[in-house]
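A look at the structure
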Amino acid sequence: MTALSKEQVLAVPKIELHIHLEGTFRPDRVVELAAMAGEDPPRPVDRLFEVDNLADFLETLDWVCGLVRDQPTAEQVAYDFATYAHDQGIVYAEVIVNPTHWSGLTTADLFAACARGFDRAQADGLGDFRLLPSILRQQSEQEARQLVGWIEGAGLDRIVGLSIDGNEEAAGRTGPRFAPAYDDAARFGLGRTAHAGESSGAEGVRDAIELLGVSRIDHGVRCIEDPEVLGMVLERGITLNVCLTSNCTLLYSSLDDHPIRELAAAGVGFTINTDDPETLGISLCSELTLAAEHLGWKLSDLVAAQHRALDATFCSEADKQALRALIDQTVGT
């Protein structure tokens, strides 16, 4: 029996912390951009992301993002995301953007355009959306530090943190390589998150905490495999930004094999997110409904999950207070 109705899930103001702009292109936008670029998709657009492994998935993301070759188009892609988010009842999101996917734009042009798109969206009442520039795991220590240095000099208020993403299994251990960039980010006052505990296992979670100093981890679910690492997550209050369907696509054969129940029972703070909604054919409402069914959530549990997400955001305390008031006023808590 469904623990919460779809209408209840939609009505609650929501926060998303683990979503990649690269994974939010609507099929009609991809068709339009491919036609403008005079390129043929590697597969039919309705099956574009039907791939067998993460490497092919990331290669397809590179192709899609490479179709964006000017700032107005990038601004529209950001605004498209905001429209989707508003339709889902998302009032705040921190959106991961990895500039290595966007071969048609410089880092500066890409983020300036995304910031303008989010500025326009907020002015239109669609929500408040921030940016998390992300390091690709295959990059060098110098490239990572250059990205943080660029963030410091760019002065874009919508950039609130630093991320790492990419193929953990192919890249191997990267924590020691990127620790200096994360130290730079800490000195600059940026929030710090990282993908870990997906293909990297529990040891990736340990490195993210000990070497990168993160306050939250994207995925992180495999910390359950090592009691010591699980204890570290609990002791330090690390929030795991979990993506159920994404994990069941790449890691687990079914939701019953996913450790979310064990993580919840252990007292781990977690949020529910989409990762790449368009490529997976999901939405935040559908993922929260899935979580509610699987975990037996009541409305109070859904609201508590939004409060956990709010506490883990990288925005200011004033912004957090305003978001908390919005959530509580809407659900009557």
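Quick note: structure is the one above.
To keep things clear, this report deals only with the structure shown in the data block. Computed from a predicted structure; not experimentally measured.

1. Considerations on the sheet that holds strand 7 (residues 239-242)
Reading across the sheet, the 8 strands line up as 1-2-3-4-5-6-7-8 and stay open at both edges, with parallel pairing between neighbours. Pairing within the sheet leaves two strands with one partner each, and these edge strands are strand 1 (14-20) and strand 8 (269-272). When strand polarity is set aside, the average angle formed by the axes of neighbouring strands in this sheet is 25°. On the sheet, helix 6 (residues 141-154) packs against strand 3 (128-136) and strand 4 (161-165) and is oriented at approximately 155° with respect to strand 3.

2. What about the nonpolar core?
Formed by 87 residues in total, the largest nonpolar core has its most connected members in F81, L240 and W297. For this core, the element with the most residues is helix 4 (residues 71-87), which contributes 8 residues. With residues near it in sequence (within four places) discarded, W297 still touches A3, L4, F270, I272, L288, A291, A292, L302, A305 and R308. Grouped together as the second largest cluster of nonpolar side chains are 11 residues, V91, Y92, V303 and L310 included.

3. Side note on the pattern of salt bridges
Taken as a whole, this structure holds 21 salt bridges when the rule is applied. Ionic pairing is found between R29 and D80, a salt bridge with its closest N-O pair at 2.7 Å. Of the two residues, R29 sits in helix 2 (residues 27-37) while D80 sits in helix 4, which places them 51 residues apart along the sequence. For the pair formed by R29 and D80, the shared burial category is buried. A salt bridge links E94 to R216; the shortest N-O distance between them is 2.7 Å. In this pair, E94 is assigned in strand 2 (residues 90-97) and R216 in strand 6 (residues 216-219), connecting sequence segments 122 residues apart. For the residue pair E94 and R216, the accessibility class agrees, reading buried in each case. What emerges from the salt-bridge pattern is a single network uniting R26, D28, R29, E32 and D80.

4. Description of helix 9 (residues 202-210)
Of all 9 residues in helix 9, 7 are buried; the element is thus mostly enclosed. Buried residues along helix 9 sit in contact with helix 8 (175-188), strand 5 (191-196), strand 6 and helix 10 (227-235).

5. Quick word on the environment of T245
Assignment of secondary structure puts T245 in helix 11 (residues 244-250). Separated by 176 residues in the primary sequence, T245 and R69 place their C-alpha atoms 31 Å from one another. Apart from the residues lying within four places of it in its own chain, the contact partners of T245 are I282, E287 and L290.

6. A few points about the packing of helix 9 against helix 10
Relative orientation of the contacting elements helix 9 and helix 10 amounts to 35°, with a least axis distance of 9 Å. Considering the relative orientation of helix 9 and helix 10, their crossing is left-handed. For the pair helix 9 and helix 10, the contacting residues are A202, V205, R206, I209 and E210 in the first and E228, V229, M232 and V233 in the second. Residue composition of the contact of helix 9 with helix 10, by class: 6 nonpolar, no polar and 3 charged.

Cut-offs used in this document
Every chain's residues receive numbers from 1 upward, in the order its sequence appears when written. Where totals are concerned, whole chains, interfaces and linings use all residues; where local detail is concerned, this predicted model gives features only for residues with pLDDT of at least 70, and gives and counts side-chain atom pairs only at 80 or more. By convention in this description, side-chain values take in all heavy atoms of the structure and omit both hydrogens and water. For two strands to be treated as a pair, DSSP must find no fewer than two bridges joining them. Runs of H or I in DSSP of at least four residues are treated as helices and runs of E of at least two as strands, each being numbered from the N terminus. Between N-to-C directions, angles cover 0 to 180 degrees, with each direction set by a line fitted to C-alpha atoms, over the stretch in contact for helices. Contact definition: two residues touch when any of their heavy atoms are within 4.5 Å. Nonpolar cores are built from buried Ala, Val, Leu, Ile, Met, Phe, Trp, Tyr and Cys residues. Side-chain atoms within 4.5 Å join them into one set. Burial here depends on accessible area, computed with a 1.4 Å probe over protein chains only, as a share of the maximum for the residue type. Under 20% is buried, over 50% is exposed, and the range in between is partly exposed. A pairing counts as a salt bridge when a side-chain nitrogen of Lys or Arg comes within 4 Å of a carboxyl oxygen of Asp or Glu. By convention the crossing between two helices is left-handed if the near helix lies anticlockwise of the far one by an angle smaller than a right angle, and right-handed if it lies clockwise. Each residue is assigned to one class: nonpolar for Ala, Val, Leu, Ile, Met, Phe, Trp, Tyr, Cys and Pro, charged for Asp, Glu, Lys and Arg, and polar for all the others, Gly among them.

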